[in-house]
Amino acid sequence: MKYYSTNKSVPEVSLMEAVTKGLASDNGLFMPERIEEFHPDFFRRIHQMSFQEISFEVAKKFFGEDVPEKTLKDIVYDTLNFDCPVVQLSDSIYSLELFHGPTMAFKDVGGRFMARLLSYFLEGFKKEVNVLVATSGDTGSAVANGFYKVPGIKVFVLYPKGLVSNIQEKQFTTLGNNITSLEIDGTFDDCQRLVKSAFLDKELNKAMVLTSANSINVARFLPQAFYYFNAYARLREAGITEELVFSVPSGNFGNLTAGLFAKFMGLPIKRFIAANNENDIVFNYLKSGKYEPRESVATIANAMDVGDPSNFARILELYNHSHNEIASEIVGYRYSDDEIRQTMKQVFEEENYMLDPHGAVGYRALKADLKEGEVGVFLETAHPAKFTETVEGVLGTGTVVLPEKLSAFMKGEKLSVELSTKFSDFKRYLLNK
Ligand SMILES: *Cc1c(COP(=O)(O)O)cnc(C)c1O
């Protein structure tokens with residue numbers, strides 16, 4: 001399968017090139033040349049299949065031409081060795097829990113899948129590959145843990161100083177080995193800008209092989225489509241046959257875009273809800289048709305603090321830049337920190353369910369928008385214990401029990417290098433590595 005750039009001013013590339021480069025050289029995002037629909041038979045038996053079996057079928061549609069079947073199966077089965085349950089909160093509202101993986105947030109799937117796929121493509125490759133990743137918290141931990149000790153690959157995690165939770169920070173800064181954490185004295189947008197500038201810098205690219213593990217990378221974001229197929233299957237298994245409405249807490253829009261891909265592949269999804277915090281660039285676009293990126297603001301749902309969502313370019317591409325079409329498939333909501341806190345408190349008290357701040361945004365938008373006769377699923381994108389300070393600030397001290405997987409990280413020592421937001425500093429640092 002070939003991949004083209006959303007900016008369309010460079011030739012198509014192979015999957016291997018799309019994965020090893022991350023971003024196209026005209027600064028566009030890679031898109032698969034076609035999206036194959038499943039035969040209706042697949043949906044007739046999907047509820048009898050496991051998460052791994054379903055995901056393998058989905059993976060074959062994208063990667064089957066470029067990766068031997070046995071290798072692809074290994075990659076999928078190794079990546080998805082955890083549950084992804086759908087939990088009912090009220091009559092028609094379900095939580096899709098995407099936090100049962102190694103770092104307890106949904107990005108685990110893309111992080112591990114990409115590490116495995118890249119490592120397959122690099123077999124026999126002589127040079128070392130450097131993965132650059134900008135994070136507002138969870139990407140860093142998922143990618144760092146996915147790539148930890150993978151031979152031939154070095155990972156540089158750029159994160160905004162003081163703007164990620166304690167546990168998130170521990171999850172990537174304590175690993176060492178092939179993982180280096182760079183603490184940037186700025187915002188997530190600054191981190192993302194540094195990474196993008198690095199890809200466009202001729203001198204740097206001559207000196208070292210660089211790729212990105214942000215959701216701009218097709219190997220990072222496409223596997224997230226697995227989640228939607230699995231949610232549908234598990235609900236069917238429970239006897240629910242309605243078309244579904246998915247509410248997706250969104251920042252860079254990788255997760256929601258993967259859902260759109262699932263729909264294009266024939267998954268019966270009625271529509272999507274894009275749930276934002278105060279970083280409401282897409283919310284405004286959906287209302288007005290104007291896309292106006294701006295500096296991100298810090299919120300308690302920090303993994304969604306994005307001022308210029310990179311996957312928006314893919315959404316435009318999927319719908320031929322038609323605002324009408326996009327707005328007929330996706331409705332937007334936006335919530336303040338106070339509203340997020342209020343939702344966490346209310347759902348804990350009334351439904352006896354603990355939401356993390358991101359899931360709370362998704363839940364609230366779904367609750368506000370779900371119509372009579374519809375069944376809705378919101379993505380619970382991280383375990384609440386990843387945001388213990390915030391959650392206990394709302395629900396009370398002692399309410400959060402730290403799972404074993406997370407407490408193990410807390411014992412490690414933070415190893416990170418502080419850098420300014422200047423590209424010249426970052427570049428010098430990389431060149432001296
Ligand atoms: C990354 C992240 C999001 C936002 O996902 P995008 O794909 O960037 O839109 C939401 N919640 C959590 C917990 C995340 O880590």
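Since this is a predicted model, take the numbers as computed values, not measurements.

**Some remarks on the overall build of the chain**
- When helices and strands are counted, the chain shows 20 helices and 13 strands.
- Oriented by its inertia axes, the alpha-carbon framework of the chain measures out at about 60 × 50 × 45 Å.
- Expressed as a percentage of its 433 residues, the buried residues of the chain come to 62%.
- Taking all contacts inside the chain whose residues are at least 6 apart in sequence as the whole, residues at least 24 apart take part in 75%.
- Counting every atom, the chain has about 16,400 Å² of accessible surface; 47% of that belongs to carbon and sulfur.
- Seen as two clouds, the 47 positive and the 57 negative side-chain charges of the chain have centres 5 Å apart.

**Some thoughts on the sheet that holds strand 6 (residues 153-160)**
- Spatial strand order, 8-5-6-7-13: five strands in an open sheet with parallel pairing. The outermost strands of the open sheet, each flanked by one partner alone, are strand 8 (209-212) and strand 13 (417-419). Neighbouring strand axes in the sheet, compared pairwise and without regard to direction, differ in orientation by 30° on average.
- Packed onto the sheet, helix 8 (residues 188-200) meets strand 5 (129-134), strand 6, strand 7 (179-184) and strand 8 and runs at close to 150° relative to strand 5.

**Topic: the packing of helix 16 (residues 337-350) against helix 18 (residues 388-395)**
- Remark: helix 16 packs on helix 18, axes separated minimally by 9 Å, with the N-to-C direction vectors making an angle of 65°. When the interaxial angle is binned, helix 16 and helix 18 end up roughly perpendicular. The chirality of how helix 16 crosses helix 18 is right-handed. Along its contact with helix 16, which presents R341, M344, K345 and F348, the element helix 18 presents V391, V394 and L395.
- Its residues assigned to classes, the contact of helix 16 with helix 18 shows five nonpolar, no polar and two charged.

**Overview of the pairing of strand 7**
- With six of six residues buried, strand 7 lies mostly within the body of the structure.
- Burial of the side chains of strand 7 extends over both faces: I179, S181 and E183 are buried on one face and T180, L182 and I184 on the other.
- Sheet topology places strand 6 next to strand 7; six bridges connect them, and they run parallel. Within strand 7, the residue paired with Y159 across the bridge is E183.
- Chirality of the crossover, the property in question, places the unit of strand 6, helix 7 (residues 166-173) and strand 7 among those that are right-handed.
- Pairing analysis gives three bridges linking strand 7 to strand 13, with the strands arranged parallel. Among the inter-strand pairings, E183 is bridged to a residue of strand 13, identified as E418.

**Looking at the site of the ligand**
- In the vicinity of the ligand there are 15 residues, among which K107, D138, G251, F253 and T381 approach most closely.
- Backbone polar atom of N252 to an oxygen atom of the ligand: 2.8 Å apart, as the coordinates give it.
- With respect to the ligand, the backbone of G254 contributes an N or O atom lying 3.1 Å from an oxygen atom.
- When the ligand sits alone it has 380 Å² of accessible area, and the protein chains cover 98% of it.
- A class-by-class count of the residues in the shell around the ligand yields six nonpolar, seven polar and two charged.

**Brief notes about helix 16**
- When the terminal C-alpha atoms of helix 16 are compared, their 20 Å separation across 14 residues agrees well with the 20 Å that a helix rising 1.5 Å per residue should span.
- Looking at the buried side of helix 16, the elements it contacts are strand 3 (86-90), helix 17 (357-369) and helix 18.
- Taken from the residues just after helix 16, N352 is the one with a positive phi, measuring 60°.

**A look at the environment of A327**
- Within the secondary structure layout, A327 lies in helix 15 (residues 323-329).
- Among the residues examined, A327 registers a relative accessible area of 32% and is labelled partly exposed.

**Looking at the pairing of strand 6**
- Along strand 6, seven of the eight residues are buried, which leaves the element largely enclosed by surrounding structure.
- The parallel pair strand 5 and strand 6 is bridged by helix 6 (residues 138-147), and the resulting crossover is right-handed.

**Re empty space enclosed by the protein**
- Applying the stated rule across the entire model yields three cavities of 30 Å³ or more.
- As a volume, the largest cavity reaches approximately 260 Å³.
- Around the largest cavity sit 22 residues that line it, and F106, K107, G251, N252 and A303 are the ones nearest its centre.
- The set of elements that each furnish at least two residues to the lining of the largest cavity consists of helix 6 and helix 12 (254-264).
- For the lining of the largest cavity, the class distribution of residues is seven nonpolar, twelve polar and three charged.

Rules and cut-offs
- Residues numbered from 1 in each chain as written.
- Predicted model: local features only at pLDDT ≥ 70, side-chain atom pairs only at ≥ 80, totals over all residues.
- Heavy atoms only, no water.
- Helix = DSSP H or I, 4+ residues; strand = E, 2+ residues; numbered from the N terminus.
- Buried < 20%, exposed > 50% of the residue type's maximum accessible area, 1.4 Å probe, protein only.
- Contact = heavy atoms within 4.5 Å.
- Areas by Shrake-Rupley, 256 points an atom, 1.4 Å probe, with all protein chains shown as cover.
- Lys, Arg positive; Asp, Glu negative; His and termini not counted.
- Charge placed at Lys NZ, Arg CZ, Asp CG, Glu CD.
- Pairing = 2+ DSSP bridges.
- Axes fitted to C-alpha atoms, helices over the stretch in contact; angles between N-to-C directions.
- Parallel < 35°, antiparallel > 145°, perpendicular 65-115°, else oblique.
- Left-handed = near helix turned anticlockwise from the far one by under 90°.
- Nonpolar A, V, L, I, M, F, W, Y, C, P; charged D, E, K, R; others polar.
- Right-handed = clockwise from strand over helix to strand, strands pointing away.
- Near = heavy atom within 4 Å.
- Polar contact = N/O pair within 3.5 Å; in protein donor to acceptor, adjacent residues only side chain to side chain.
- Expected span 1.5 Å × (residues − 1).
- 1 Å grid on protein atoms, 1.4 Å probe; cavity = no way out; pocket = protein on both sides within 12 Å on 5 of 7 lines; lining within 4 Å.
- Points joined across faces, edges and corners; volume = space filled by probe spheres on them.

Note that every value here comes from positions in space, so none of it alone points to a role or purpose.
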